[in-house]
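Commentary on secondary and tertiary structure
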Amino acid sequence: MENYNFMIDLLLDQWENKIQETTDLFVAIGEQFAMEPVAPGKNRVIYLLGHLIVASDCFLAALEPDARRYPEYDELFLTPQHHANEYPAYELLLQQWVSINEVLSAYLRQLNPADWKSKHHYISETDFILEPKRNKFNVLLNRNAHLFHHAGQLALIRTKLAKLQ
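Residues numbered from 1 in each chain as written. Predicted model: local features only at pLDDT ≥ 70, side-chain atom pairs only at ≥ 80, totals over all residues. Heavy atoms only, no water.

Moving on, we come to the environment of Pro 37. Mapped onto the elements of the fold, Pro 37 is located in the loop between α1 (2–29) and α2 (45–63). The sequence separation of Pro 37 and Gln 14 amounts to 23 residues, and the corresponding C-alpha distance is 27 Å. Setting aside chain neighbours within four positions, we find Pro 37 in contact with Lys 42, Asn 43, Arg 44, Ile 157 and Lys 160. (Helix = DSSP H or I, 4+ residues; strand = E, 2+ residues; numbered from the N terminus. Contact = heavy atoms within 4.5 Å.)

Set out below in structure tokens:
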């Protein structure tokens, strides 16, 4: 059990570090470049910020049903972006990004090993019996991979902006 706790702590540290790095990127990019695509024809920075808010919000709901804070963003940030979309203010989204991840981090840190092995909200009891690896720990693994993917996209814009300055 000690090794399991160690692995959970390592993964949580990795997740929290990437959250902080991503936050720092969003701050550094700022509102001035919020509408910039990370690469030609790719997602805009503001879309990625909103998309990651929704991802963290859904992550929280997977652990604690009815805990969603921003379900109104689903249509805007879970569907492919459209050039005509109007987004909330960048600074508001940045505050919401920080807030949801503070809540999520606190929640994750209080889970015990039995909690991590338990089913998440998005799987039925029947399916969980058939696939017990679809647990809360697995959700953390998947959310970590998702965050790393989009942080990589943001690295593209950081490189682009460095060339402009």
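Still more ground to cover, so stick around.
Glancing now at the nonpolar core. In terms of nonpolar packing, the biggest core is built from 47 residues, with Phe 26, Trp 97, Leu 108, Trp 116 and Leu 154 touching the most fellow members. Elements with a minimum of two residues in this core: α1, α2, α3 (74–77), α4 (90–109) and α7 (136–164). Residue contributions to this core peak at 12 residues, all from α2. (Core = buried A, V, L, I, M, F, W, Y, C linked by side-chain atoms within 4.5 Å. Buried < 20%, exposed > 50% of the residue type's maximum accessible area, 1.4 Å probe, protein only.)

Along the chain, the position of Ile 29 falls in helix α1. In this structure Ile 29 comes out as buried when scored by relative accessible area, which is 4%. Along the primary structure Ile 29 and Leu 154 are separated by 125 residues, whereas in three dimensions their C-alpha atoms are 9.1 Å apart. The contacts of Ile 29, once residues within four sequence positions are left out, are Val 45, Tyr 90, Leu 154, Ile 157 and Leu 161.

Note on placement: Asn 135 falls in the loop between α6 (125–130) and α7. Within the structure, the side chain of Asn 135 is placed 2.9 Å from the backbone nitrogen of Asn 138, a separation counted as a polar contact. When sequence neighbours within four positions are dropped, the list of residues in contact with Asn 135 reads Trp 116, Lys 117, Ser 118, Lys 119, His 120 and Phe 128. (Polar contact = N/O pair within 3.5 Å; in protein donor to acceptor, adjacent residues only side chain to side chain.)

Taken over all residues, the pLDDT of the protein has a mean of 91, while the share at 70 or more is 98%. Of all helices and strands in the protein, the one with the weakest mean pLDDT is α7 (87), whereas α4 scores best (97). (pLDDT = per-residue confidence, 0-100.)

With that settled, consider a nonpolar patch on the surface. On the surface, Phe 6, Met 7 and Leu 10 cluster together to form a nonpolar patch covering roughly 310 Å² of accessible area. Along the chain, Met 7 turns up in helix α1. (Patch = residues over 30% accessible without salt bridge, like charges linked within 9 Å, V, L, I, M, F, W, Y side chains within 5 Å. Areas by Shrake-Rupley, 256 points an atom, 1.4 Å probe, with all protein chains shown as cover. Salt bridge = Lys/Arg side-chain N within 4 Å of Asp/Glu carboxyl O.)

With that out of the way, let us pick up α4. Since there are 3.6 residues in each turn of an α-helix, residues three or four apart along the chain are aligned in direction. With 20 residues, α4 ought to run about 28 Å at 1.5 Å a step, and its terminal C-alpha atoms sit 28 Å apart, in line with that. For α4, the full list of buried residues reads Tyr 90, Leu 93, Leu 94, Gln 96, Trp 97, Ile 100, Asn 101, Leu 104, Ser 105, Tyr 107 and Leu 108. The arc that holds every buried residue of α4, seen down its axis, measures 160°, which confines them to one face. Residues of α4 that are exposed and angled more than 90 degrees away from the buried face: Gln 95 and Glu 102. (Expected span 1.5 Å × (residues − 1). Arc of directions from axis to C-beta.)

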